[in-house]
Amino acid sequence: MAELTGSEILAKSLKNEGTDILFFLMGGPMLLAESSCIKEGIRPLDVRHEQSAAFMGQAYSRLLQKPSVCMAASGPGTINLTTGIANALIDCCPVVAIGGSSPIGQNGRQVFQEIDQLAIMKPCTKWADRVYNLKRIPEQVNVAFQKAMSGKPGPVYLDFPGDVLYAKIPEEQVDWSLSGRPLLNARPLGDPNKVDALIDAIAKARQPIILSGSGVIWSQAWSELQEFVEKTGIPFYTTPQGRGVVPDDHEYSYLTMRSSAFRDADLIIVVGTRMNYIIGHAAPPRFNAGAKIARIDIDADEIATAPRRVDIGIVGDCKAVLRQLIDTSAKRVNADRFSAWRRTLSDGETAKRQAPGANKPMDEIPIHPLRLCDEIKNFMQRDAILVVDGQEILNFGRQSMPTFTPGHRLNSGPFGTMGVGLPFGIGAKIAKPDKQVIVVHGDGSFGLNALELDTAVRHNIPILVVVSLNGGWTADPDRNKPGRNLGYTRFDKMAETLGCYGEYVERPDEIRPALDRAQREVDRGSVALVNVKTDDRARAGTVAFAQYAT
């Protein structure tokens, strides 16, 4: 019987878990593992920076609701993964990270790139472990995938010392018994008494709202959420990354009345999202102090440690609990009950949209970022995957650009990491190659991983990148921010040098024609970048997430 190296066992184990793509940056001691993955039929996608490999994996996972795999060399290579892995942790995304490390047999002798990577990775992951025994590699890889997807998803890490990767063992000694064991995919139901209590609360409420997040996406519960919304008649809102689970143009969606709805609601049903700063901890004065709070989450700790008292806490899978609520509410809740509440929100939204100047295109030069967002909104396909990354453009885009398809809205998430945009776009296009992918970047955030344009070109991944070029990291209307200025870089010229199609735009009426030309190039298989000079004074007036602001 032939012998297998630890690298070969790792590759076969990843293949058995359904891995079809590897996001990585080559280097020792992972070269043999990477070559072995390719021999197993796993598509290799090599990047220009390790954090991008983790970001790409995160987008891929979010779009497909399954684990992804990223890999890096020892020492600095693996440490470079941590930014992306930490972002995945805070975003509850099942990225499986694999890092090579210095030989365990020489631990403590100050060998090349020796550092305790496991200790570094543990705070950034849901679970982390080191591999010592070649026989158990298939088991540990399967456990990593199980951990990543069980309960509340999250990233995991496996550390592979170089001497383990290159050691050999007879193939018959490898324990394959757990390799490829199906993921549990548990759908725990909620306590029927608490489900009943929530239906009672809905039947007594006058002005309820639903506030949903990414848990609806991970449990693939968008059909159940929309059915629950329609059968109960309750207006709904989502977190920024939860957009599209019910289309933003649904009749019970009142996007411009978000603040009013939060302030006036007497029942707030939080579905599959944390009560963190993104929703102001569901606390007054942003939310009604007298409102009853109900919460559905698969993680009991999330409910038990909520920063605001939860009156009705239902521990369970979103998809399963929503189905319970739909069935239980059938004869007890009538959508007409909330018609007056919906009319109030609808009338308020109509008034805002009809206010003087509300629908007037902004024609000034430099271009206002909202005009850029409006042009993209009118240009993009209904099921486009929209990635937004930056400071001002992220905030303006959150207000103005809708999403209609579950999971098709990506941004930095609650960790607020800049530089995710282009890697997210590449990961999204790989996950759903038939969809239009548009990455809208601030110029500061774009610069952090701009060389991934080269990755997209080398691997023939046709996406459209739009840069809001306001000359710096943030708006600076008073010209008083230190380190803010970056200059007006011709990223379109840089893109052309890397093999992309590039355009530069300074006038509002030039935006749409440039987008149309760029998309035609994308449709032909090219990567395209449209560099749009925008107003450096335009400051987005969104809700502050902290006591300080950039």
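You'll find the structure just up there.
Reading guide: rules and limits
Residues numbered from 1 in each chain as written. Predicted model: local features only at pLDDT ≥ 70, side-chain atom pairs only at ≥ 80, totals over all residues. Heavy atoms only, no water. Helix = DSSP H or I, 4+ residues; strand = E, 2+ residues; numbered from the N terminus. Rg over C-alpha atoms; globule rule 2.2 N^0.38 Å. Buried < 20%, exposed > 50% of the residue type's maximum accessible area, 1.4 Å probe, protein only. Contact = heavy atoms within 4.5 Å. Lys, Arg positive; Asp, Glu negative; His and termini not counted. Charge placed at Lys NZ, Arg CZ, Asp CG, Glu CD. Axes fitted to C-alpha atoms, helices over the stretch in contact; angles between N-to-C directions. Parallel < 35°, antiparallel > 145°, perpendicular 65-115°, else oblique. Left-handed = near helix turned anticlockwise from the far one by under 90°. Pairing = 2+ DSSP bridges. Expected span 1.5 Å × (residues − 1). Nonpolar A, V, L, I, M, F, W, Y, C, P; charged D, E, K, R; others polar. Salt bridge = Lys/Arg side-chain N within 4 Å of Asp/Glu carboxyl O.

## Side note on the overall build of the protein
A count of helical and extended segments in the protein gives 21 helices and 19 strands. Here the C-alpha atoms of the protein give a radius of gyration of 24 Å, agreeing with the 24 Å that 2.2 N^0.38 yields for 550 residues. Taken along its principal axes, the extent of the C-alpha atoms in the protein is 75 × 60 × 40 Å. By the burial criterion, 57% of the 550 residues in the protein qualify as buried. Long-range pairs, those at least 24 residues apart, make up 77% of the contacts in the protein between residues at least 6 apart in sequence. Across the protein, 63 positive and 63 negative side-chain charges occur, with their mean positions spaced 4 Å apart.

## Quick notes on the packing of helix H3 (residues 50-64) against helix H4 (residues 76-90)
Where H3 meets H4, the axes come as close as 7 Å, and the angle between the chain directions of the two elements is 30 degrees. Compared by their axis directions, H3 and H4 come out roughly parallel. Considering how the two elements wind past one another, H3 and H4 form a crossing that is right-handed. Of the residues in H4, those touching H3 at Glu50, Gln51, Ala53, Ala54, Phe55 and Gln58 are Gly77, Asn80, Leu81, Thr83, Gly84, Ile85, Asn87 and Ala88.

## Notes on the pairing of strand E7 (residues 156-161)
The buried count for E7 comes to six of six residues, which makes it a mostly enclosed element. Here E7 shows a buried face lined by Val156, Leu158 and Phe160 and a second buried face lined by Tyr157, Asp159 and Pro161. Bridge analysis of strand E5 (residues 95-101) against E7 gives six bridges, and the strand direction is parallel. Across the sheet, the residue bridging to Ser101 is Pro161, located in E7.

## Points about H3
If you check H3, its first and last C-alpha atoms are 22 Å apart, about what 15 residues at 1.5 Å a residue would give, namely 21 Å. The element H3 is largely enclosed, with a buried count of 14 among its 15 residues.

## Description of the packing of helix H10 (residues 222-232) against helix H13 (residues 318-329)
Close contact between H10 and H13 brings their axes to 9 Å; oriented N to C, the two are set at 25 degrees. In terms of their interaxial angle, H10 and H13 are classed as roughly parallel. In the packing of H10 onto H13, the handedness of the crossing is left-handed. Residues Glu224, Leu225, Glu227, Phe228, Lys231 and Thr232 of H10 touch H13, and the partners they reach there are Lys319, Leu322, Arg323, Leu325, Ile326 and Ser329. Taken together, the residues of the contact of H10 with H13 break down into five nonpolar, two polar and five charged.

## Here's the deal with the pattern of salt bridges
Close approach of charged atoms lets side chains of opposite charge pair. What the rule picks out here adds up to 37 salt bridges. In this structure, the salt-bridge partner of Arg332 is Asp200, at a minimum N-O distance of 2.5 Å. One end of the pair, Arg332, is in the loop between H13 and helix H14 (339-354); the other, Asp200, is in helix H8 (residues 192-204), with 132 residues separating them in the sequence. Residue Arg332 is classed as partly exposed on the basis of its relative accessible area of 35%. The salt bridge involving Asp383 is made with Lys435; its shortest N-O contact spans 2.7 Å. With Asp383 in the loop between helix H15 (369-379) and strand E14 (385-389) and Lys435 in the loop between helix H17 (421-431) and strand E16 (437-442), this pair connects stretches of sequence that are 52 residues apart. Among the charged side chains, a network of salt bridges with common partners joins Lys152, Arg295, Asp297, Asp299 and Glu302.

## Structural notes on H17
Given 3.6 residues per turn, any residue in an α-helix points the same way as the ones three and four places further on. Burial within H17 is extensive, with eleven of its eleven residues counted as buried. Looking only at H17, the buried set comprises Gly421, Leu422, Pro423, Phe424, Gly425, Ile426, Gly427, Ala428, Lys429, Ile430 and Ala431.

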